[in-house]
Amino acid sequence: MTSAASVSAGRGPGLPPGAAPAATPGDLLRRLRQRHATDPVTHVERVPARAGVPAPWPHWAPEELRAAYARRGVTAPWRHQAEAASLAYDRQHVVVATGTASGKSLAYQLPALATLLADPRATVLYLAPTKALAADQLRAVSALEIEGVRPACYDGDTPRAEREWIRQHSRFVLTNPDMLHHGILPGHAQWSGFLRRLAYVVIDECHVYRGVFGSHVAHVLRRLRRQCARYGRTPGNGGSGPTFVLASATSGDPAAAAGRLTGLPVAAVTEDTSPRAGVTFALWEPPLLPADPSGPGDPAEVADLTQVRRSALRETADLLADTVAAGVRTLAFVRSRRGAEVVATSARRSLDEAVPGLGGRVAAYRAGYLREERRELERALLHGDLLGLASTNALELGVDLIGLDAVLICGYPGTRASLWQQAGRAGRSGQEALAVLVARDDPLDTYLVHHPEAVFGAPVEATVLDPANAYVLGPQLACAAAEAPLTAADLELFGDGAKEAVEALVAAGALRQRPTGWYWRHRERPEVDLRGEGGAPVCVVEAATGRLLGTVDGGSSHFLLHPGAVYLHQGVSYVVDALDLDDGCALVHPEEPDWSTHARDVTSLSVVSVRSYVDAGPVGLFLGEVDVTGQVVSYQRRRIATGEVIDTRPLDLPARELRTVAVWFTLSPESLATAGVNPADVPGALHAAEHAAIGLLPLVATCDRWDIGGLSTAVHPDTEAPTVFVYDGHSGGAGFAERAYGMATAWLRATRDAISECGCEVGCPSCVQSPKCGNGNNPLSKADAIRVLDVVLANLPE
C-alpha cells in the first residue's frame with residue numbers, strides 16, 4: 001500500500017556517481033560524536049517506525065482522479081487523509097493536523113480536484129506562507145495532469161503578462177496571504193468571476209500564522225469571505241461561501257486555532273495514520289572552548305574563556321561538512337539569514353580543503369534571494385546536484401524534499417512544532433533518518449539539551465494569535481473599507497472590537513460615516529504590513545554595477561544594513577557603504593574583511609496602562625500596555641577567528657517607537673535585602689534574570705526570543721520599584737506577554753532552574769548572557785538573579 005506521504009515523485013537519486021553509501025543513522029551519529037574528545041551528545045531519543053493504516057477511496061472520488069494518483073504511485077489514501085477529505089467534500093470546514101510527511105496535501109487536493117471535475121466552473125484558492133511551498137504544490141498538482149484545472153502560481157514573482165491569463169483561466173490558483181492582501185482583494189473586481197465560483201480555500205501550514213502575522217492573516221481571510229459573499233452564491237455550498245480546508249503541523253488544540261484564524265467553526269482530524277520511518281534524534285551540546293593562555297588580556301579574561309562554548313554555527317558547519325563528505329544528503333536549519341550564509345561558507349571551505357571541488361555540493365538558501373536563485377537551489381537539491389543545504393526556516397514547511405538522510409538544527413527553533421517540522425524533513429523517502437539539535441550557547445537551548453523531557457515528553461504548543469488586537473484590527477478594517485464600504489453586518493464578521501475600531505478610524509479622519517456604511521476617504525490604499533517587519537523591504541545593490549543582490553525586511557535593516565555592516569550573499573562578502581531608508585536602498589561593495597559586525601541598540605520603556613495584576617505582598621505581577629523606544633546607536637567589529645572586539649563605532653539612525661503589551665514583575669527593596677542582594681548588585685541581578693526569562697519564554701509561548709524584548713531597572717519611574725519587563729516586539733502585542741502572565745510561575749521556575757543548573761560560576765551565554773543585549777551583557781550577577789527569582793517564586797501563587 002502506497003500513500004502520498006511515501007511517493008518519490010520520480011525525482012533522481014541524491015548521491016553523486018561513486019559516492020559512498022550513506023551510513024545508518026546510528027553509525028553516522030557514532031562517527032560524528034568522535035570529532036570531540038568529550039562526548040557532545042547529552043541525549044539520544046529513538047523515535048520508532050510506525051506502520052500506516054490505509055482506507056478505501058471515498059465513494060465520491062471520481063475514477064479519473066484515482067487513476068491520476070495511481071500514476072503517481074498512490075493506490076489508496078491513509079485513513080486520516082480520507083477522513084479529512086470526506087469532511088471537506090461534505091462542506092465542513094476542517095483542519096488536518098498531523099506530522100511531517102503524513103500526506104496532508106492529498107487531504108485537500110482530493111475534495112478540491114473532485115469538485116473541479118464535477119463542476120467545470122468551480123475554482124480553488126490555495127494559500128501558502130512561502131513562495132517555495134506554493135511552487136512545490138504547483139508541481140504536485142500539475143503532475144496529476146487533470147484536464148481543465150489549469151493550476152498556476154500568482155505571486156510577486158509572476159510576470160505581469162501572465163497575470164491576466166491566470167485571472168481569466170486558472171481554476172486552481174496558488175498564492176500567499178501577502179498577495180491576497182496586496183493584489184487580489186484590492187483588485188477584487190478583476191477577480192469577480194473567480195470569487196463568485198470559489199468552492200474551496202486551502203490554507204497550508206496554518207500553524208505558521210501566529211502572533212501579529214497570524215492576526216493579520218485572520219482578517220485577510222475575513223476580507224476574502226466578505227468579497228465572496230458580495231459576489232454571490234458559491235456553487236455547491238448553498239450560498240454560504242467557500243469551504244476552508246486547513247493543513248497544520250501537530251499542534252495544541254488545532255480546531256480552536258483554525259477557528260480563530262478563519263472565524264468559522266472548524267472540525268479537526270488529528271490522528272496520524274501514515275507510515276513513518278524511524279528517526280534517531282540526538283541532542284548535541286558543543287564543547288567548552290579551552291582557555292588560551294597565549295591570547296590577549298589579563299588572567300581574569302583568560303579564565304573567562306572557559307565559560308564559552310564552541311559556537312553552534314561553527315559546530316553545525318563542521319557537522320554539515322562531515323555528513324556531506326560521507327555522502328549523506330543533509331539539510332541544516334539555521335536561525336538567521338546571516339547564519340545560513342556562514343554555515344554554508346564554512347562547510348564549503350572545509351570540504352574544498354579535503355576534496356577540491358566537493359564544496360560546490362553545498363549552498364545556502366534563505367529569503368531575500370532573487371526568484372531565479374531560489375528555484376535553482378530547490379531544483380539542485382531535489383535532483384541531487386547539491387548534497388548539503390544550509391537554510392533558514394524558508395524550507396521548514398512542506399516542500400517535498402525526497403531522500404534527505406539527515407537534518408541538523410542549529411539552535412532550538414522556538415517551538416516544539418517547528419522542531420518536529422524541521423526534524424521531519426529527513427527520512428521523507430521512508431528510510432531511517434538522523435536529526436540533531438545543536439544547542440546554541442543560550443539559556444533555553446542549554447536547558448533543553450539537559451532536560452530532554454521538555455523536548456520529547458511535552459505536548460506541542462497551541463498557536464497564539466489575537467484577531468482583536470486593535471493595532472491589527474483597525475488597519476485591516478481600513479483595508480476592507482478601501483475595497484468596499486463597510487456595513488454593520490461586516491462589523492460582526494470582523495469580531496470583537498470592530499465597532500470601536502471603526503469609530504476610532506472615523507475620529508481619525510480615515511473613514512466617513514454615511515447612511516449606507518463607512519467609506520474610505522483617501523485616494524491611496526492603506527499601507528499595512530502583514531508580517532510586522534517594520535516597513536517595505538530594503539534593496540541591497542552593488543554600487544559599482546547597479547546589480548540587485550537581494551532584499552532585507554525593513555525591520556531588520558537597521559541591524560543588518562547599517563553603514564559599515566558586513567552583508568553575506570551566497571558566500572560572497574560585501575560591506576555596506578550607505579543606507580537610504582527613504583528610498584529603501586543599501587549600496588554595498590565586495591570586500592573580504594577579517595571581521596564581522598554586530599549592531600548595538602538602546603531601549604527605554606514607559607507604562608501606559610495596567611490590564612491585570614497579582615498582588616503577592618513584596619512581589620507584584622502585571623500585564624499591561626507599554627511604550628518602547630529603541631535605537632541602533634553603534635556597532636562592534638569583531639575578529640572572525642577569535643571573536644575579539646576590534647572597536648565600537650557610532651551610528652546615526654532614527655529611533656523607533658512601539659506601543660505593545662508587556663508582562664512585568666516588581667519586588668520590594670526590603671525583600672531583596674532579606675534575600676541577600678546588596679543594593680549595588682540589584683541592577684546586575686535584575687538584568688541577569690531578565691535575560692534568562694526572555695530566553696526561557698519560548699518554553700511556554702509559541703514565540704522566538706527575537707519576537708520579544710526586555711528591560712530591567714533597579715528603580716523604574718512608573719513602578720517606583722525594582723522591575724523586570726518582558727514585552728512583545730510587535731505593535732499592539734502578539735499574545736506572548738499574555739501567555740507569559742498566565743504561565744508566570746512555570747515560566748519563572750524554569751528560568752530559575754536553567755540559571756542554577758548551569759555549570760558556570762559567574763554567568764555565561766548558556767544562562768544569563770544574551771546575544772542581543774544592547775549593554776554588552778553588563779552588569780550581570782548570576783547568583784543574585786537566582787535570589788531574585790527565589791523571592792518571586794516564594795510569593796507568587798501557583
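Small disclaimer: the values here were computed from a predicted structure and weren't measured. (Residues numbered from 1 in each chain as written. Predicted model: local features only at pLDDT ≥ 70, side-chain atom pairs only at ≥ 80, totals over all residues. Heavy atoms only, no water.)

**Considering the overall build of the protein**
Part 1: Along the protein, the regular secondary structure elements total 26 helices and 27 strands.
Part 2: For 798 residues, the compact-globule estimate of 2.2 N^0.38 gives 28 Å, and the protein sits close to it at 27 Å.
Part 3: Considered along the principal axes of its C-alpha atoms, the protein spans approximately 80 × 75 × 60 Å.
Part 4: Within the protein, the fraction of its 798 residues that count as buried is 57%.
Part 5: Pairs at least 24 apart in sequence give 74% of the contacts found in the protein among residues at least 6 apart.
Part 6: In the form shown here, the protein has an accessible surface area of approximately 30,800 Å², with 52% of it arising from carbon and sulfur atoms. (Helix = DSSP H or I, 4+ residues; strand = E, 2+ residues; numbered from the N terminus. Rg over C-alpha atoms; globule rule 2.2 N^0.38 Å. Buried < 20%, exposed > 50% of the residue type's maximum accessible area, 1.4 Å probe, protein only. Contact = heavy atoms within 4.5 Å. Areas by Shrake-Rupley, 256 points an atom, 1.4 Å probe, with all protein chains shown as cover.)

**Considerations on the pairing of strand S5 (residues 172-175)**
Part 1: Both faces of S5 are covered, namely the face carrying Phe172 and Leu174 and the face carrying Val173 and Thr175.
Part 2: The pairing of strand S3 (residues 123-127) with S5 spans four bridges and is classified as parallel. For Leu127, the partnering residue across the bridge sits in S5 and is Thr175.
Part 3: One ladder, built from three bridges, connects strand S4 (residues 151-153) with S5; its direction is parallel. Bridge pairing in S5 links Pro151 to Phe172.
Part 4: Assessed by its sense of winding, the connection that carries the chain from S4 through helix H6 (residues 160-169) to S5 is right-handed. (Pairing = 2+ DSSP bridges. Right-handed = clockwise from strand over helix to strand, strands pointing away.)

**Some points on empty space enclosed by the protein**
Part 1: For the structure shown, the criterion picks out four cavities of 30 Å³ or more.
Part 2: When its volume is computed, the largest cavity comes out at roughly 120 Å³.
Part 3: Lining the largest cavity are Arg337, Arg338, Glu341, Arg366, Val552, Leu560, Val566, Tyr567 and Leu568.
Part 4: Looking at the lining of the largest cavity, the elements with two or more residues in it are helix H13 (337-354) and strand S19 (566-569). (1 Å grid on protein atoms, 1.4 Å probe; cavity = no way out; pocket = protein on both sides within 12 Å on 5 of 7 lines; lining within 4 Å. Points joined across faces, edges and corners; volume = space filled by probe spheres on them.)

**Remarks on the sheet that holds strand S18 (residues 548-552)**
Part 1: Read from one edge of the open sheet, five strands run S18-S17-S21-S20-S19, paired in mixed fashion. In the strand order of this sheet, the two ends are held by S18 and S19, each with one partner. Taken pair by pair, the neighbouring strands of this sheet meet at an average axis angle of 35 degrees, ignoring direction.
Part 2: The strands that H13 touches are S18 and S19; relative to S19, the one it contacts most, it runs at about 65 degrees. (Axes fitted to C-alpha atoms, helices over the stretch in contact; angles between N-to-C directions.)

**Structural notes on the sheet that holds strand S11 (residues 362-365)**
Part 1: Spatially, seven strands are ordered S1-S9-S14-S13-S10-S12-S11 in an open sheet, and the strand pairing comes out mixed. Strands with a single pairing partner mark the edges of an open sheet, and in this sheet they are strand S1 (41-47) and S11. In this sheet, neighbouring strand axes are inclined to one another by 15 degrees on average, regardless of whether the strands run parallel or antiparallel.
Part 2: Sheet topology places strand S10 (residues 330-334) next to strand S13 (residues 406-410); five bridges connect them, and they run parallel. Looking at S13, one finds that Leu331 is bridged to Val407.

**Describing the packing of helix H9 (residues 211-230) against helix H10 (residues 254-262)**
Part 1: One can describe the packing of H9 onto H10 by two numbers: an axis separation of 7 Å at closest approach and a directional angle of 60 degrees. With respect to each other, H9 and H10 are oriented oblique. Taken together, the residues of H10 that come into contact with H9 (itself represented by Gly214, Val217, Ala218, Leu221, Arg222 and Arg225) are Gly259, Arg260, Leu261 and Thr262. (Parallel < 35°, antiparallel > 145°, perpendicular 65-115°, else oblique.)

**Looking at the environment of Gly710**
Part 1: For Gly710, the location among the structural elements is in strand S26 (residues 708-713).
Part 2: Gly710 sits 82 residues away from Val628 along the chain, and the two C-alpha atoms are 9.7 Å apart.
Part 3: Setting aside chain neighbours within four positions, we find Gly710 in contact with Glu690, Ile694, Phe725, Val726 and Tyr727.

**Points about helix H3 (residues 79-89)**
Part 1: Considered for burial, the residues of H3 that qualify are His80, Gln81, Ala82, Ala84, Ala85 and Ala88.
Part 2: Contacts made by the buried residues of H3 are with strand S2 (94-97), helix H4 (104-118), strand S6 (198-203), strand S7 (243-248) and strand S8 (267-269).
Part 3: Directly beyond the C-terminal end of H3, a positive phi value near 70 degrees is found at Arg91.

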